[in-house]
Amino acid sequence: MKIIACIAAAALLAASTLALGQSWPVKPIKYIVPFAPGGTTDILGRMVAAGLAQALGQPVVVENKPGQAGSVGSAELARAAPDGYTLGGGTISSHAINASLYPKLPYDPIRDFAPITMLATLPNMLIVHPSLNVSSVRELVELLKVNPNRFSFGSAGNGTSQHISGELFKIMTGTQMQHIPYKGSGPMIPDLIAGTIQLSFENITTAYPQVKGGKLKALAVTSAQRSFVAPDVPAMAEAGLPGYDITSWQAMFAPAGLGLEAGGMLPDELAALIRAEIPRLGKVVRESGARVD
């Protein structure tokens, strides 16, 4: 996972004080994490908050606002005053996938936010319970084809990158599986380890420790190339699915109307990425027939 150093992010925000006024910040800052505690977005958000607090000399309070693949927390961020005192995390789910999956999304992922910078990119990892007795993507596909809808894959919720990774896998392999959405990766992983569900396309940061611990097996990563985190695990293209690429991303946003100069991935570059991701991932949503409850 490529992470922009928290102190660098803090310095970038500190450099924007000309846009906010020389007195900023004079009170605590709220940082909204639109997912439950314990997942990648929460872990990264707390790292950023700690770095910002140290650099800016004001407390940065993390508030978890989970629900609807990041939509609940993102809607709250969109409604906040653009005064520099409410910031938040956003992901490929909240700011790209949800635009196609939720027919009445309570915000516009482009219009209602001021992009600050990209914080991290990371692939998901296709992990399976050992009871499946498969050691490759090819073997998994063969098993799924002779057992349509017998097995299930879990995700951190409808509209998450884990969910869409599974849907794209089904489209490209012509297989059928049941999707089981959870309220975050925290409750999903124990069920996968117990064999209640059989596989998942989980964030590499939470999946790989279970693989190294011998509890689950890794078959591939969902990015176009191998990940430096798990260099021994092939990319989907190597494993027989050329063109498969779902790379999750984590970014930092403010409500629209806040003038910030930031670095890392520049605001206009991040906005361009979101504009490109919405139709790309929307195609997966439409072709897979993915729905939300």
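Higher on the page you've got the structure.
An account of the accompanying structure is given in this report. (Residues numbered from 1 in each chain as written. Predicted model: local features only at pLDDT ≥ 70, side-chain atom pairs only at ≥ 80, totals over all residues. Heavy atoms only, no water.)

### Regarding the overall build of the chain
Put simply, the rule reads: The secondary structure listing takes helices from DSSP runs of H or I that are at least 4 residues long and strands from runs of E that are at least 2 residues long, numbered from the N terminus. Buried, partly exposed and exposed residues are distinguished by accessible area as a fraction of the type maximum, computed with a 1.4 Å probe on protein chains only: under 20%, between the cut-offs, and over 50%, respectively. Contact between two residues is taken to exist if any of their heavy atoms lie within 4.5 Å; hydrogens are not considered. In this description, accessible areas are obtained by the Shrake-Rupley approach with a 1.4 Å probe, and a residue is regarded as covered only by the protein chains that are shown.
In terms of regular secondary structure, the chain is built from ten helices and ten strands. For the chain, buried positions account for 56% of its 293 residues. A separation of at least 24 residues holds for 78% of the contacts in the chain among residues at least 6 apart in sequence. In the form shown here, the chain has an accessible surface area of approximately 11,900 Å², with 55% of it arising from carbon and sulfur atoms.

### Brief notes about the nonpolar core
So the rule is basically this: Residue types Ala, Val, Leu, Ile, Met, Phe, Trp, Tyr and Cys, when buried and joined through side-chain atoms within 4.5 Å, form a set referred to as a nonpolar core.
The biggest cluster of nonpolar side chains holds 47 residues, and the ones touching the most others in it are L126, V137, L140, F169, L199, F201 and M236. Element by element, the count of residues in this core is highest for helix α10 (residues 267-288), at six residues. Grouped together as the second largest cluster of nonpolar side chains are 20 residues, V62, L87, A114 and I116 included.

### Some remarks on the pairing of strand β4 (residues 86-91)
Quick note on the threshold: Between any two strands, at least two bridges found by DSSP are needed for them to pair.
Across the six residues of β4, six count as buried, placing the element largely inside the fold. Going residue by residue along β4, you find T86, G88 and G90 tucked away on one face and L87, G89 and T91 tucked away on the opposite face as well. Summarising the sheet, strand β2 (residues 29-33) and β4 pair through three bridges and their orientation is parallel. In the sheet register, K30 faces β4, and the bridge partner there is T86. Sheet topology places β4 next to strand β10 (residues 247-255); four bridges connect them, and they run antiparallel. Following the sheet pairing, G90 is matched in β10 by A251.

### A few points about the packing of aromatic side chains
Put simply, the test is: Paired rings are identified among Phe, Tyr and Trp, the last through its six-membered ring, by centres lying within 6.5 Å, and are further divided according to the angle between planes into stacked (under 30 degrees), edge-to-face (over 60) and tilted (the rest). Any Lys NZ or Arg CZ found within 6 Å of a ring centre and within 35 degrees of that ring's normal is scored as a charge over the ring.
Here the structure, examined in full by the defined rule, presents four aromatic pairs. Here F113 and F253 contribute two aromatic rings whose centre-to-centre distance is 5.8 Å and whose plane-to-plane angle is 65°, an arrangement assigned as edge-to-face. With a gap of 140 residues between them, F113 in strand β5 (residues 113-128) and F253 in strand β10 connect regions that are remote in the sequence. Both residues of the pair, F113 and F253, belong to the buried class. Between F153 and F201, the aromatic rings sit 5.9 Å apart at their centres with planes inclined by 90°, giving edge-to-face as the arrangement. Separated by 48 residues along the polypeptide, F153 in strand β6 (residues 152-155) and F201 in strand β8 (residues 199-203) bring together distant segments of the chain. Neither residue differs from the other here; F153 and F201 are each classed as buried. Of the aromatic side chains, those joined through ring pairs into one cluster are Y107, F113 and F253. Taking the ring centre of Y85 as reference, the NZ or CZ of K27 above it sits at 4.7 Å.

### Observations concerning the pattern of salt bridges
Pairs can form between side chains of opposite charge whenever their charged atoms are close. Our working definition: Salt bridge, as applied in this entry: a Lys or Arg side-chain nitrogen positioned within 4 Å of an Asp or Glu carboxyl oxygen.
Tallying each qualifying case throughout the model produces ten salt bridges. Measuring nitrogen to oxygen at the nearest pair gives 3.9 Å for the salt bridge that ties E63 to K30. Taken together, the residues E63 in strand β3 (residues 60-64) and K30 in strand β2 connect sequence positions 33 residues apart. Close ionic contact of R280 with E277 constitutes a salt bridge, the shortest N to O distance being 2.8 Å. Taken together, the positions of R280 and E277, both in helix α10 and three residues apart, correspond to about one turn of that helix. The exposure class assigned to R280 is partly exposed, which follows from its relative accessible area of 36%. Among the ionic contacts, a cluster of salt bridges with common partners joins K30, E63, K65 and E76.

### Section: empty space enclosed by the protein
Counted only if it meets this: Detection works on a 1 Å grid of protein atoms alone, calling trapped sets that fit a 1.4 Å probe cavities and calling open sets with protein on both sides within 12 Å along at least five of seven lines pockets, with lining residues defined by an atom within 4 Å of a point. Grid points are joined across faces, edges and corners, and a volume is the space filled by probe spheres set on the points.
The full count for this structure, using the stated rule, is one cavity of 30 Å³ or more. Its volume calculated, the largest cavity comes out at about 40 Å³. In terms of lining, the largest cavity is formed by Y31, V33, T41, L44, G45, G89, L119, Q250 and A251. Elements with a contribution of two residues or more to the lining of the largest cavity: β2, α3 (40-56) and β10.

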